[in-house]
Amino acid sequence: EADTAMYRAKSAGRNRIAFFEAAMQSDVEQRLALENDLAEAIGTDQLEMFLQPQFDAAGQPDGCEMLMRWTHPVRGPVSPAVFIPAAEESGLILPLGDWVLREGCRTVLRLQEAGHPLPVSINVSPRQFRQIDFAGQVKAILAETGADASQLIFEVTEGLLIENLEETILRMHELVSIGIRFSIDDFGTGYSSLGYLRRLPLYELKIDRSFVQDTPGNPDNPGDTAIVQTILSMAGHLGLRVVAEGVETREQADFLKAAGCTALQGYLLARPMPVAAWLQWQ
Ligand code: C2E
Ligand code: CA
Ligand code: CA
Ligand code: CA
């Protein structure tokens, strides 16, 4: 918000400081209102987990990602890109994350019961992962729901890996030992280095949408095609599954498949949808 406020202050051109402060205040107020409303939404049907399937090269579903949806009673749908960062900052991500874990486990069971089992990926925020007893919480929810840990994939971002790498590695191993698999989300946008990737017990990398968008060969951005190819060859050496996220066009899908990427996720194939809708579609 600071950037927005700064931008507004600059474009206003007069009485900059006062305007900047006013803009800041209203942003802070907006943020607080959002946080209050989000706190109240937890445990109500305003929040729902959607599912976006992933497909293999033959077009068969071979995984899915759970994505949170919030329908505010007055504002309507609020984007996770807005409320997740606010939840992360305020700490609300902890009760939310707990709920997401439970919903992930329930979805694993629902898909199994419907006769269409699929591994379920959930987004685990750094703050959630760094809780001292995160592994204990995961075990408790697995025991409570009876879901199979090997059907769960935790998507974490590279940001998690800059601080306390040793502790992160230990925690990952503890969770891997009970069957959880790990994926690096938005791969390529952070601090990726082959050195640390080799030290993590990983299952998968997800190529960030920003790279997928510019394949194959956007003349303005020829580098992105090379980045995708590099990620795929690196993952090949490390024996990791690769999911391309945000696949929107047939050209992107064809390029990715030809380059050896087997799992595709994006609007071209399917949009995020309620679990019931996916089961009907199956
Ligand atoms: P993400 O984990 O990178 O999720 C992928 C985002 O791309 C999702 O946005 C998804 O709806 C969107 N997407 C999928 N296919 C396409 C496509 O073909 N084109 C385009 N333009 N977009 C596509 P969404 O659902 O708005 O979520 C935004 C971010 O919010 C997620 O990014 C994730 O970081 C966070 N988020 C969502 N749900 C959760 C959650 O349950 N827990 C946590 N911690 N974070 C979540
Ligand atoms: Ca994700
Ligand atoms: Ca992602
Ligand atoms: Ca992303």
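Residues numbered from 1 in each chain as written. Chains lettered and ligands numbered in written order. Predicted model: local features only at pLDDT ≥ 70, side-chain atom pairs only at ≥ 80, totals over all residues. Heavy atoms only, no water.

Some details on the site of ligand 1
This is how the line gets drawn: Being near a molecule or strand, for a residue, means having at least one of its heavy atoms within 4 Å of it. Any N or O atom pair separated by 3.5 Å or less is treated as a polar contact, with the protein-specific requirement of one donor-capable and one acceptor-capable atom, and with residues adjacent in sequence counted only for side-chain atom pairs. Using the Shrake-Rupley algorithm and a 1.4 Å probe, accessible areas are obtained, with residue cover drawn only from the displayed protein chains.
In the vicinity of ligand 1 lie 22 residues, with Gln 52, Arg 69, Asp 185, Glu 248 and Tyr 267 positioned nearest. Contact between ligand 1 and Met 68: a nitrogen atom at 3.1 Å from a main-chain N or O atom of the residue. Within the backbone of Tyr 267, a nitrogen or oxygen atom sits 2.7 Å from an oxygen atom of ligand 1. For ligand 1, whose free accessible area comes to 790 Å², the fraction covered by protein is 84%.

Overview of the environment of Leu 170
What counts here: Helix and strand labels come from DSSP, where a helix needs a run of H or I of at least four residues and a strand needs a run of E of at least two; each type is numbered from the N terminus.
Turning to its location among the elements, Leu 170 is positioned in helix α7 (residues 165-177). Residues Leu 170 and Leu 200, spaced 30 residues apart in sequence, show a C-alpha to C-alpha distance of 9.2 Å.

What to know about the packing of aromatic side chains
Here is the rule we go by: Only Phe, Tyr and Trp rings are paired, with Trp represented by its six-membered ring, and only when their centres lie within 6.5 Å; those with planes under 30 degrees apart are stacked, over 60 edge-to-face, the remainder tilted. Relative accessibility under 20% of the residue-type maximum defines a buried residue, over 50% an exposed one, and the middle range a partly exposed one, all with a 1.4 Å probe and only protein chains included.
Overall, the coordinates contain six aromatic pairs when judged by the stated rule. Seen in terms of ring centroids, Trp 70 and Phe 83 are 5.5 Å apart; in terms of plane orientation they differ by 90°. Their pairing is edge-to-face. With Trp 70 in strand β2 (residues 61-72) and Phe 83 in helix α3 (residues 80-90), this residue pair connects regions lying 13 residues apart in the sequence. Owing to a relative accessible area of 1%, Trp 70 belongs among the buried residues under this scheme. Phe 83 sits in the buried class, given a relative accessible area of 0%. Ring geometry for Phe 134 and Phe 154: centres 6.0 Å apart, planes at 50°, overall tilted. Placement of Phe 134 in helix α6 (residues 134-145) and of Phe 154 in strand β5 (residues 152-157) is noted, with a sequence separation of 20 residues between them. Classification of Phe 134 by relative accessible area gives buried; the value is 0%.

With respect to the coordination of the calcium ion (ligand 3)
Note the threshold: Atoms are scored as donors when they are N, O or S and lie within 2.8 Å of the metal, with 3.2 Å used for Na, K and Ca; no water is included, so coordination may look incomplete.
Bound to the calcium ion (ligand 3) are the protein donor atoms Asp 185 (OD), Asp 186 (OD), Glu 245 (OE) and Glu 245 (OE), situated 2.1 to 2.8 Å from the metal. Spacing between the donor residues of the calcium ion (ligand 3) along the chain follows D-D-x58-E. Here the calcium ion (ligand 3) and the calcium ion (ligand 2) are spaced 3.7 Å apart, with Asp 185 acting as a shared donor. With a gap of 60 residues between them, Asp 185 in strand β6 (residues 181-187) and Glu 245 in the loop between β8 (241-244) and α11 (250-258) connect regions that are remote in the sequence.

Concerning unusual backbone geometry
Thr 215 connects to Pro 216 through a cis peptide bond whose omega is -15°. The residue Pro 216 is located in the loop between α9 (209-213) and α10 (223-238) in this model. One non-glycine residue with positive phi stands out, namely Asn 164, at about 50°. With respect to the helices and strands, Asn 164 occurs in the loop between β5 and α7. Taking the relative accessible area as the measure of exposure, Asn 164 reaches 45% and is therefore partly exposed.

Focus: the pairing of β6
As a reminder of what qualifies: Any two strands with at least two DSSP-identified bridges between them are counted as paired. Whether a crossover is right-handed depends on one test, that the path from the first strand over the helix to the second runs clockwise when the strands point away from the viewer.
Within β6, five of the seven residues are buried, which leaves the element mostly enclosed by the surrounding structure. Bridge count for β5 against β6 is five bridges, and the pairing is parallel. Bridging across to β6, Glu 155 finds its partner in Ser 183. Note on the crossover from β5 through α7 to β6: the handedness is right-handed.

Structural notes on the coordination of the calcium ion (ligand 4)
Ideal values differ by geometry: the angle at a metal is 109.5 degrees with four tetrahedral donors, but 90 or 180 degrees with six octahedral donors. Each protein donor to the calcium ion (ligand 4) is listed here as Asp 186 (OD) and Glu 245 (OE); together their distances run 2.6 to 3.1 Å. Between the two metals, the calcium ion (ligand 4) and the calcium ion (ligand 3), the spacing is 3.4 Å, and Asp 186 donates to both. Linking Asp 186 in strand β6 with Glu 245 in the loop between β8 and α11, this pair joins segments that are 59 residues apart in sequence. Judged by relative accessible area, Asp 186 falls into the partly exposed class, the value being 25%.

Some words on the pattern of salt bridges
Selection criterion: Any carboxyl oxygen of Asp or Glu within 4 Å of a side-chain nitrogen of Lys or Arg constitutes a salt bridge here.
Enumeration according to the criterion identifies 12 salt bridges in this entry. Two residues, Glu 103 and Arg 106, come together in a salt bridge whose shortest N-O distance is 2.5 Å. Linking Glu 103 with Arg 106, this pair stays in helix α4 (residues 93-113), spanning three residues, or about one helical turn. Taking relative accessible area as the criterion, Glu 103 reaches 18% and is therefore assigned buried. Judged by relative accessible area, which is 40%, Arg 106 ranks as partly exposed. Taken together, the shared-partner salt bridges in this structure form one network comprising Asp 62, Glu 204 and Arg 241.

A word on the packing of α6 against α7
Let me state the cut-off plainly: Fitted lines through C-alpha atoms give the axes, limited to the stretch in contact for helices. The angle between two N-to-C directions lies from 0 to 180 degrees. Angles are sorted into four bins: roughly parallel if under 35 degrees, roughly antiparallel if over 145, roughly perpendicular if 65 to 115, and oblique for all others. Each crossing is labelled by how the near helix is turned from the far one, with a counterclockwise turn of less than a right angle marking it left-handed and a clockwise turn marking it right-handed. For this analysis, residues touch if any pair of their heavy atoms sits within 4.5 Å. Each residue gets one of three labels, nonpolar for Ala, Val, Leu, Ile, Met, Phe, Trp, Tyr, Cys and Pro, charged for Asp, Glu, Lys and Arg, and polar for the others, Gly among them.
Two elements in contact, α6 and α7, have axes separated by 10 Å at closest approach and are oriented at 15°. When the interaxial angle is binned, α6 and α7 end up roughly parallel. The handedness of the crossing between α6 and α7 comes out as right-handed. Note on element contacts: α7 touches α6 through Arg 171, Glu 174 and Leu 175, opposite Phe 134, Ala 135, Val 138 and Lys 139. Among the residues forming the contact of α6 with α7, the class breakdown is four nonpolar, no polar and three charged.

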